[in-house]
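Residue-level structural notes
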Amino acid sequence: NAGVTQTPKFQVLKTGQSMTLQCAQDMNHNSMYWYRQDPGMGLRLIYYSASEGTTDKGEVPNGYNVSRLNKREFSLRLESAAPSQTSVYFCASSEQNPSGGGTRYTIYFGEGSWLTVV
Amino acid sequence: QKEVEQDPGPLSVPEGAIVSLNCTYSNSAFQYFMWYRQYSRKGPELLMYTYSSGNKEDGRFTAQVDKSSKYISLFIRDSQPSDSATYLCALTGAAGNKLTFGGGTRVLVKP
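Okay, so let's go over this structure. Counting starts from 1 at the beginning of each chain's written sequence and moves along it residue by residue. In the order they appear in the text, chains get letters beginning with A and ligands get numbers beginning with 1. For this predicted model, a pLDDT threshold of at least 70 governs which residues receive local features, and a threshold of 80 or more governs which side-chain atom pairs are given and counted, while totals over whole chains, interfaces and linings are taken from all residues. Think of the side-chain values as coming from all heavy atoms in the structure, minus any hydrogens and water.

**Here we look at the nonpolar core**
In this structure, B:Trp35, B:Ile72, B:Leu74, B:Tyr87 and B:Leu91 are the most contacted members of the largest nonpolar core, which totals 23 residues. Non-local contacts of B:Tyr87, meaning those with residues more than four positions away in its chain, are made with B:Gln6, B:Leu21, B:Trp35, B:Tyr36, B:Arg37, B:Leu47, B:Leu74, B:Ile76, B:Gly104, B:Thr105 and B:Val107. Each nonpolar core is a collection of buried residues, namely Ala, Val, Leu, Ile, Met, Phe, Trp, Tyr and Cys, held together in the definition by side-chain atoms within 4.5 Å. The cut-offs for exposure are 20% and 50% of the maximum accessible area for each residue type, with area from a 1.4 Å probe on protein chains only; residues under the lower value are buried, those over the upper are exposed, and the others partly exposed. Note on definitions: a residue-residue contact is assigned when non-hydrogen atoms from the two residues lie within 4.5 Å.

**A short note on the pattern of salt bridges**
Residues and elements named next belong to chain A. Salt bridges are identified by distance alone: a Lys or Arg side-chain nitrogen within 4 Å of an Asp or Glu carboxyl oxygen. Under the criterion given, the structure shown has 7 salt bridges over all chains. One salt bridge in this structure joins arginine 36 and aspartate 38, with 2.9 Å as the shortest N-O distance. Here the two residues arginine 36 and aspartate 38 agree in accessibility, since each one is buried. For aspartate 38, the salt bridge is made with arginine 44, and the minimal N-O distance between the two is 2.8 Å. Salt bridges sharing partners connect three or more residues here, namely Arg36, Asp38 and Arg44.

**A short note on the packing of aromatic side chains**
Each pair of aromatic rings taken from Phe, Tyr and Trp, with Trp reduced to its six-membered ring, is defined by centres within 6.5 Å and is described as stacked if the planes are under 30 degrees apart, edge-to-face if over 60, and tilted in the remaining cases. Within this structure, the stated rule accounts for 15 aromatic pairs over all chains. Here B:Tyr25 and B:Phe30 contribute two aromatic rings whose centre-to-centre distance is 5.9 Å and whose plane-to-plane angle is 70°, an arrangement assigned as edge-to-face. As far as the burial class goes, B:Tyr25 and B:Phe30 line up, both buried. Taking 6.3 Å as the distance between ring centres and 55° as the angle between the ring planes, the aromatic pair formed by B:Tyr49 and B:Tyr51 counts as tilted. With relative accessibility at 4%, the residue B:Tyr49 sits in the buried group. Put simply, the rings of A:Tyr33, A:Tyr35, A:Tyr48, A:Phe90, A:Phe109, B:Tyr36 and B:Phe101 touch in pairs and so form one group of aromatic residues.

**Observations regarding unusual backbone geometry**
In this model, A:Thr7 is joined to A:Pro8 through a cis peptide bond whose omega is -5°. Secondary structure follows DSSP: runs of H or I at least 4 residues long count as helices, runs of E at least 2 residues long count as strands, and numbering of each begins at the N terminus. Looking at the element boundaries, A:Pro8 is found in the loop between strand S1 (4–7) and strand S2 (10–13). Following B:Gly9, the chain continues to B:Pro10 via a peptide bond in cis, the omega torsion being 10°. Within the secondary structure layout, B:Pro10 lies in the loop between strand S1 (4–6) and strand S2 (11–14). A positive phi angle is found at B:Lys70, which is not glycine, with a value near 55°. For B:Lys70, the position within the fold is in the loop between strand S7 (61–66) and strand S8 (71–76).

See below:
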């Protein structure tokens, strides 16, 4: 099992360019997320998808679009990159365990994508 | 004011010391409390999970939640150099589908 896989790991973009971050999970999870992480800001939710076919805005959605392609894949698109979008991006997935327990809402993260917009 | 406040550190301790980390929060709707560990250039991984006030122990790790004070803590006993990482608290409400993270505390355990 690879868990959550995201690509690319590193990318440099020029202001105004577009790109898509790809994410796939092999844990059969319903929910998937995109976070960004900036120094001192912790992880902030950009968009999430509670289940296949649905997407919702998170805390910082401006400048981004997402697509839940199928149950496994959730992509994040920057249509016109800006320097303020320089960040580390994490894809994550989770499955609520209906039986409860200590890891009921465990969210599993990918390794991160380092994006620099110049 | 941020919903979740966490001292960024760095917190430097000698090997074998107790590491004490904490977060304060303002939203009383938070019901589930987690601690994630993040090594440099890696994604966060779940370390501890609690959903009620009190203590929960797992090996060298103890998580404490005080809902009345809106204060959560993580203690690491007998700290090891391998514990050097950034520790993030994460909180969520009843739905459990959106985590709110603290900014993370960087911990350095010196041999």
